[in-house]
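# Structural features, examined
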Amino acid sequence: QLGLPEAAETLEGYLAVGEYSPAVDATAEDVLREPVERTFEQLEELGIEEDEQFEAITKASLVTAESHYDADGGDYSTIAGAIENRLEEEGDEDSETEGYLQIDAAVIYGLGTQQIHFTDEEREDSENEYNTYQHSGLTPGPIEAPHAEALAAVADPDENDYLYWVTVDLETGETRFAETYSEHQENVDRLDEYCAENSEICSGEPAEQTEAVEPGE
């Protein structure tokens, strides 16, 4: 009804972030159509071809998820470039990452919960199709609504050699990038130091899983 591609099983990723003022008598379809149409307008403006749009939205949702602490969005293009670098390594057993994106937000999306951390058992769960530690390449689809800046970054990613990134200050959004795992570990150590000094910010207990609500309930 809303013109989404066959690969899109839900509206996830297609409801453009923004402010809307639907009429009081608007139908559900009317309310949903405007943000969906805005998404397609953004894709057209960026010159993303129709057969590449679903993949672009999926990538942009991952970039958005990894940039939540980045207040000005300055890391969007850098992260987009790093994700491309990882995807290029898929299937290469001699590479650093072998194409595993290892994005925590994707794992949590697949768990269907709202939480910060997940267990080692959940990290090793291959039945979670959004578990980017167990499945290489892109997730089956978007994990959230991408910001317009993230879509633009995916359309023109930064050409870099980064494979790793980590936010080392959850208040300022400072993110460090690395080309090798050993460099990345140094950045992780910085995050550990930050969390040791700011435990109240870094700590977070998993929220209870939300029960699905059947239509009419």
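The rules behind the values
Residues numbered from 1 in each chain as written. Predicted model: local features only at pLDDT ≥ 70, side-chain atom pairs only at ≥ 80, totals over all residues. Heavy atoms only, no water. Axes fitted to C-alpha atoms, helices over the stretch in contact; angles between N-to-C directions. Helix = DSSP H or I, 4+ residues; strand = E, 2+ residues; numbered from the N terminus. Parallel < 35°, antiparallel > 145°, perpendicular 65-115°, else oblique. Left-handed = near helix turned anticlockwise from the far one by under 90°. Contact = heavy atoms within 4.5 Å. Nonpolar A, V, L, I, M, F, W, Y, C, P; charged D, E, K, R; others polar. Salt bridge = Lys/Arg side-chain N within 4 Å of Asp/Glu carboxyl O. Buried < 20%, exposed > 50% of the residue type's maximum accessible area, 1.4 Å probe, protein only. Core = buried A, V, L, I, M, F, W, Y, C linked by side-chain atoms within 4.5 Å. Expected span 1.5 Å × (residues − 1).

Between helix H3 (residues 76–88) and helix H6 (residues 148–155), the least distance of the axes is 8 Å, while the angle of their chain directions is 45 degrees. For the element pair H3 / H6, the angle class is oblique. Relative to H6, the crossing made by H3 is right-handed. Along the contact surface, H3 presents Tyr76, Ser77 and Ala80, while H6 presents Glu149, Ala150, Ala153 and Val154. By residue class, the composition of the contact of H3 with H6 is five nonpolar, one polar and one charged.

Looking now at the pattern of salt bridges. Tallying each qualifying case throughout the model produces five salt bridges. Of the charged contacts in the structure, one is a salt bridge between Lys59 and Glu55, with a shortest N-O distance of 3.1 Å. On the criterion of helical spacing, the pair formed by Lys59 and Glu55 is a turn pair, its members being four residues apart in helix H2 (residues 53–66). Judged by its relative accessible area of 11%, Lys59 falls in the buried class. With its nearest N and O atoms 2.7 Å apart, the salt bridge here joins Glu84 to Lys59. With Glu84 in helix H3 and Lys59 in helix H2, this residue pair connects regions lying 25 residues apart in the sequence.

Another point: the nonpolar core. Counting 30 residues, the largest nonpolar core has Leu62, Val63, Ile83, Ile103 and Trp165 as the members making the most contacts within it. If you list the elements that add at least two residues to this core, you get helix H1 (28–45), H2, H3 and H6. If you tally residues by element for this core, the top one is H2, at seven residues. When residues no more than four places from it in sequence are discounted, the contact partners of Trp165 are Glu66, Ile79, Ala82, Ile83, Arg86, Ile103, Thr175, Arg176, Phe177 and His184.

For the rest of this paragraph, the subject is the environment of Asp189. Structurally, Asp189 is set in helix H7 (residues 181–197). Taking C-alpha positions, Asp189 is 8.7 Å from Val168, a pair spaced 21 residues apart along the chain.

Glancing now at helix H4 (residues 104–111). Restricting attention to buried positions, one finds in H4 the residues Ala106, Val107, Ile108 and Leu111. Packing partners of the buried residues in H4 comprise H2 and helix H5 (120–123). Looking one or two residues past H4, Gly112 carries a phi angle of roughly 75 degrees, positive in sign.

Running from amino to carboxyl end, H2 crosses H3 at an angle of 125 degrees, the nearest separation of the two axes being 9 Å. In this view, H2 runs oblique relative to H3, as classed from their interaxial angle. Handedness of the H2/H3 crossing: right-handed. Contact residues: H2 offers Lys59, Leu62, Val63, Thr64 and Glu66, while H3 offers Tyr76, Ile79, Ala80, Ile83, Glu84 and Leu87. A breakdown of the residues in the contact of H2 with H3 according to their chemical character gives seven nonpolar, one polar and three charged.

Let us look at H2. When the terminal C-alpha atoms of H2 are compared, their 20 Å separation across 14 residues agrees well with the 20 Å that a helix rising 1.5 Å per residue should span. Among the 14 residues in H2, 13 count as buried, and that is most of the element.

With that out of the way, let us pick up unusual backbone geometry. A positive phi is found at Glu98, a non-glycine position, where the angle reads about 55 degrees. The topology assignment puts Glu98 in the loop between H3 and H4. Here the phi dihedral of Gln102 falls at roughly 55 degrees; this positive angle occurs in a residue that is not glycine. With respect to the helices and strands, the residue Gln102 is situated in the loop between H3 and H4. Look at Gln102 and you get partly exposed, because its relative accessible area is 36%.

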